[in-house]
Amino acid sequence: MTLLHQPDVSGWLRGHLLCRVEDTPGRFALTFDDGPDPVFTPRVLDVLARHGARATFFMLRPSVRRHATLARRVLEAGHEIGNHGDLHVPLLLAPPPLLAHEVDAGGRAIQQATGARARFYRPPFGLMFPAQARWVRARGYEPVLGDVYPEDPQRPGIETITRRVVSRLTAGSIVILHDGCAWIRMDRSQTVAALERILTWSDAHGLTGVSVAGLLGDRAG
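What counts, and where the lines are drawn
Residues numbered from 1 in each chain as written. Predicted model: local features only at pLDDT ≥ 70, side-chain atom pairs only at ≥ 80, totals over all residues. Heavy atoms only, no water. Helix = DSSP H or I, 4+ residues; strand = E, 2+ residues; numbered from the N terminus. Buried < 20%, exposed > 50% of the residue type's maximum accessible area, 1.4 Å probe, protein only. Contact = heavy atoms within 4.5 Å. Right-handed = clockwise from strand over helix to strand, strands pointing away. Pairing = 2+ DSSP bridges. Polar contact = N/O pair within 3.5 Å; in protein donor to acceptor, adjacent residues only side chain to side chain. Core = buried A, V, L, I, M, F, W, Y, C linked by side-chain atoms within 4.5 Å.

Novice: Describe the environment of Glu196, naming the residues involved and giving the relevant values.
Specialist: Following the sequence through the fold, Glu196 ends up in helix H8 (residues 189–204). Judged by its relative accessible area of 24%, Glu196 falls in the partly exposed class. If sequence neighbours within four positions are ignored, Glu196 has contacts with Val47, Arg50 and His51.

Structural data, given as structure tokens:
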């Protein structure tokens, strides 16, 4: 599976990115990347509503600009919007001006479309150096990754996505899923179907899906 689940890599990432939150009994964070998507984001919202769950949607600037009404709908449904940048390019070797563009352009688009300022930033591909993370914090964002990633963009199947999540999911986890795609339209129906099963499982095991803010203890989460 993904490098995120390799102990040496995950240990390094947890040193400078928010990957999980300890001492949070009964809840975990659901996050969705690369939207909003006019087909699959509403379906995700429907599943979340059926289970009384909340989530953080890490949105890309182009998608927010194209679907501003949908971005506002996400907020109105009680969810949270996070900043996922603009170009969806790896940032490890990005020069400072590109990092600044990614963070500022994404955040500006979200605020213009919804009137809300994003609190959290997720780097594309989930990787950044500690110095970059410190810079993002100085910009007013908490950089977030996660600790459960089923690689749903590769569409490995509903059963596989579900199994990869529930086998790792514990209180305090941050789950990484996708409701959109950075460059082309992509079918996310497997993710939607798996989400239904994941939340059915979590309900049965006394775990509630919340936003990242909710995992950190904010009442609005």
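Novice: Explain the pairing of strand S2 (residues 56–59) to me, and be specific about the residues and the numbers.
Specialist: Where burial is concerned, the two faces of S2 agree: the one with Thr56 and Phe58 and the one with Phe57 and Met59 are both buried. Regarding the hand of the β-α-β motif, the stretch spanning strand S1 (residues 27–35), helix H2 (residues 40–51) and S2 is right-handed. Both S2 and strand S3 (residues 80–83) contribute to a ladder of four bridges, which runs parallel. Residue Met59 lies in a different strand from S3, and its bridge partner there is Asn83.

Novice: Explain the environment of Arg164 to me, and be specific about the residues and the numbers.
Specialist: Within the element layout of this structure, Arg164 appears in helix H7 (residues 158–166). On the basis of relative accessibility, which here comes to 18%, the residue Arg164 falls in the buried class. Sequence spacing of Arg164 and Leu70 is 94 residues, and the spatial spacing of their C-alpha atoms is 29 Å. Within the structure, the side chain of Arg164 is placed 2.9 Å from the backbone oxygen of Pro150, a separation counted as a polar contact.

Novice: So what about the nonpolar core? Which residues, and what values?
Specialist: Core analysis: the largest hydrophobic core is formed by 48 residues, its most contacted members being Leu30, Phe32, Leu48, Phe57 and Leu195. Ignoring anything within four residues of it in the chain, the contact list for Phe32 reads Val44, Leu48, Ala55, Thr56, Phe57, Phe58, Leu177, His178, Asp179 and Leu195. Counting 11 residues, the second largest nonpolar core, distinct from the first, contains Leu18, Val21, Val212 and Ala213.

Novice: Tell me what's going on with unusual backbone geometry, and back it up with residues and numbers.
Specialist: In this chain, Gly35 is followed by Pro36 through a cis amide linkage whose omega measures 0°. Secondary-structure assignment places Pro36 in the loop between S1 and H2. Its identity is not glycine, yet Asp34 carries a phi of approximately 80°, on the positive side. With respect to the element layout, Asp34 can be found in strand S1. Given a relative accessible area of 5%, Asp34 falls into the buried group. Although it is not a glycine, Arg155 adopts a positive phi angle of roughly 50°. Positionally, Arg155 belongs in the loop between strand S5 (142–143) and H7. With relative accessibility at 38%, the residue Arg155 sits in the partly exposed group.

By themselves, these figures tell us nothing about what the structure is for.
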